[in-house]
Amino acid sequence: MSQELMDHATRTIEVGSKSFAAAARLFDPGTRRSVLMLYAWCRHCDDVVDGQELGFKLPGGAPRDAAAKLAVLEDQTRRAYAGEPMRDPAFAAFQEVALRHRIDPRFALDHLAGFAMDVQQTHYESIEDTLRYCYHVAGVVGLMMASIMGAHDPRVLDRACDLGLAFQLTNIARDIVEDARMGRCYLPAQWLREAGIPPSALADPRYRAQLAKVAARLVDHAEPYYASAGAGIAALPLRSAWAIASARNVYRQIGIEVKRRGAHAWDARTGTGKAAKLWLLAKGAAGALGSRFSGPALPRDPALWQRPGGAADAPHAAHARPA
């Protein structure tokens, strides 16, 4: 990957995800490079479909031919896996990392299917529907990231997917009002009816008290996925374990802060300050080191949402500590 693209990827992650950017610095240089390459591809695909640059809207908004652009991205992804020469720098980077780390093509295509859900304005009736969206836009990113770190056992991948689900549930809670202003809602319609909030009024300040309860419910729903993800850290190399444990701490803290702010959670974008991040990174280091001496993990809670092709579908997977 060219230095120009590497610089672009670094800038992209710092603009698009300050929380993960801090944790990404903890990876060893080789892993960090591959992670940035993957992030650059994810960001590129999102920008193409949504008519954005670095996650920010361009004049004119989303392209009218988003579905056609998505079809091109899917074709480019398949050709990248086939080993064809890639002219687009983002796809050249993706091809290198996908083939080197044996990232399952299904993961990449499932990620693009998440963008299709936005293009098609998918309706989310239940929390299971919301989790299905979370899987496509974040859970599979966890699967691809874990592959970069050398994890391919289905049971370890389940834990990586759980972390992606938890991250996205946190993001949804934090961004409810911002998403609503863009005409998007990822909250379960069942929950909104129970709270007495019209879907068209999510950004209306008159409903902030009810909305805070829905957000708190979503944050609480993320907790068992954060807990499950923690059990997978032992299977990662130490530097990667530190980075992932830290990212887990930072994102989880964002959800805690959303819940704490209540009706004021959307007055300003919720995040973590520099001092808090440093503490959470140190806590992540302690967690990563502690995982080297922990005993076998408890089995994954069968009540949690199960990704397609997960360990439940592969009962004879090779032994790994996180069961």
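Residues numbered from 1 in each chain as written. Predicted model: local features only at pLDDT ≥ 70, side-chain atom pairs only at ≥ 80, totals over all residues. Heavy atoms only, no water.

Draft legend 1. Fine view of the overall build of the protein. Broken down by element type, the protein carries 13 helices and two strands. The principal-axis extent of the C-alpha atoms belonging to the protein is close to 50 × 50 × 40 Å. For the protein, the residues scored as buried account for 53% of the 323 residues in total. Taking as baseline every contact in the protein between residues at least 6 positions apart, the subset at least 24 positions apart corresponds to 73%. Accessible surface, the protein: about 14600 Å² in total, of which carbon and sulfur atoms supply 56%. Of the charged side chains in the protein, 40 are positive and 34 negative; the average position of the first set lies 5 Å away from that of the second. (Helix = DSSP H or I, 4+ residues; strand = E, 2+ residues; numbered from the N terminus. Buried < 20%, exposed > 50% of the residue type's maximum accessible area, 1.4 Å probe, protein only. Contact = heavy atoms within 4.5 Å. Areas by Shrake-Rupley, 256 points an atom, 1.4 Å probe, with all protein chains shown as cover. Lys, Arg positive; Asp, Glu negative; His and termini not counted. Charge placed at Lys NZ, Arg CZ, Asp CG, Glu CD.)

Draft legend 2. Quick look at the packing of helix α4 (residues 66-81) against helix α5 (residues 89-100). Packing of α4 against α5 brings their axes to within 9 Å, and their N-to-C directions diverge by 45°. In this view, α4 runs oblique relative to α5, as classed from their interaxial angle. Handedness of the α4/α5 crossing: right-handed. The segment α4 lies against α5, with Leu73, Gln76, Thr77, Arg79, Ala80 and Tyr81 engaging Phe91, Phe94, Gln95, Ala98 and Leu99. For the contact of α4 with α5, the per-class residue count stands at seven nonpolar, three polar and one charged. (Axes fitted to C-alpha atoms, helices over the stretch in contact; angles between N-to-C directions. Parallel < 35°, antiparallel > 145°, perpendicular 65-115°, else oblique. Left-handed = near helix turned anticlockwise from the far one by under 90°. Nonpolar A, V, L, I, M, F, W, Y, C, P; charged D, E, K, R; others polar.)

Draft legend 3. Structural view of the environment of leucine 218. Mapping leucine 218 onto the fold places it in helix α11 (residues 208-230). Exposure remark for leucine 218: the relative accessible area of 0% places this residue in the buried category. Residues in contact with leucine 218, not counting those within four places in the same chain, are Ile127, Leu169, Ile172, Ala173, Leu187 and Trp191.

Draft legend 4. The arrangement of the packing of aromatic side chains in detail. In this structure the tally under the stated criterion is nine aromatic pairs. Ring plane angle 15° and centroid distance 4.4 Å describe the contact between tyrosine 133 and tyrosine 186, whose orientation is recorded as stacked. A residue pair is termed long-range when its members are at least 10 positions apart, and tyrosine 133 in helix α7 (residues 127-148) and tyrosine 186 in the loop between α9 (176-181) and α10 (189-195) qualify at 53 residues. Taking the relative accessible area as the measure of exposure, tyrosine 133 reaches 5% and is therefore buried. (Phe/Tyr/Trp six-rings, centres within 6.5 Å; stacked < 30°, edge-to-face > 60°.)

Draft legend 5. A look at the nonpolar core. In this structure, Phe20, Phe27, Trp41, Phe94 and Leu187 are the most contacted members of the largest nonpolar core, which totals 98 residues. Ranked by residues supplied to this core, first place goes to α7 with 13 residues. Not counting the four nearest positions on each side in its chain, leucine 187 is found in contact with Tyr124, Thr130, Ile172, Ile176, Leu192, Leu202, Leu211, Val214 and Leu218. (Core = buried A, V, L, I, M, F, W, Y, C linked by side-chain atoms within 4.5 Å.)

Draft legend 6. Focus on helix α3 (residues 29-50). Its 22 residues give α3 an end-to-end C-alpha distance of 31 Å, which sits within 8% of 32 Å, the value for a rise of 1.5 Å per residue. Counted residue by residue, α3 has 16 buried out of 22 residues, so it is predominantly covered. Just beyond α3, the residue with positive phi is glycine 51, at close to 70°. (Expected span 1.5 Å × (residues − 1).)

Draft legend 7. Main features of unusual backbone geometry. At arginine 102, a position not held by glycine, the phi torsion is positive, near 55°. Position of arginine 102 relative to the elements: it lies in the loop between α5 and α6 (105-119). Judged by its relative accessible area of 59%, arginine 102 is exposed. With phi around 50°, glutamine 121 is a residue other than glycine that occupies positive phi space. Looking at where glutamine 121 falls in the secondary structure, it is placed in the loop between α6 and α7. The exposure class assigned to glutamine 121 is exposed, which follows from its relative accessible area of 66%.

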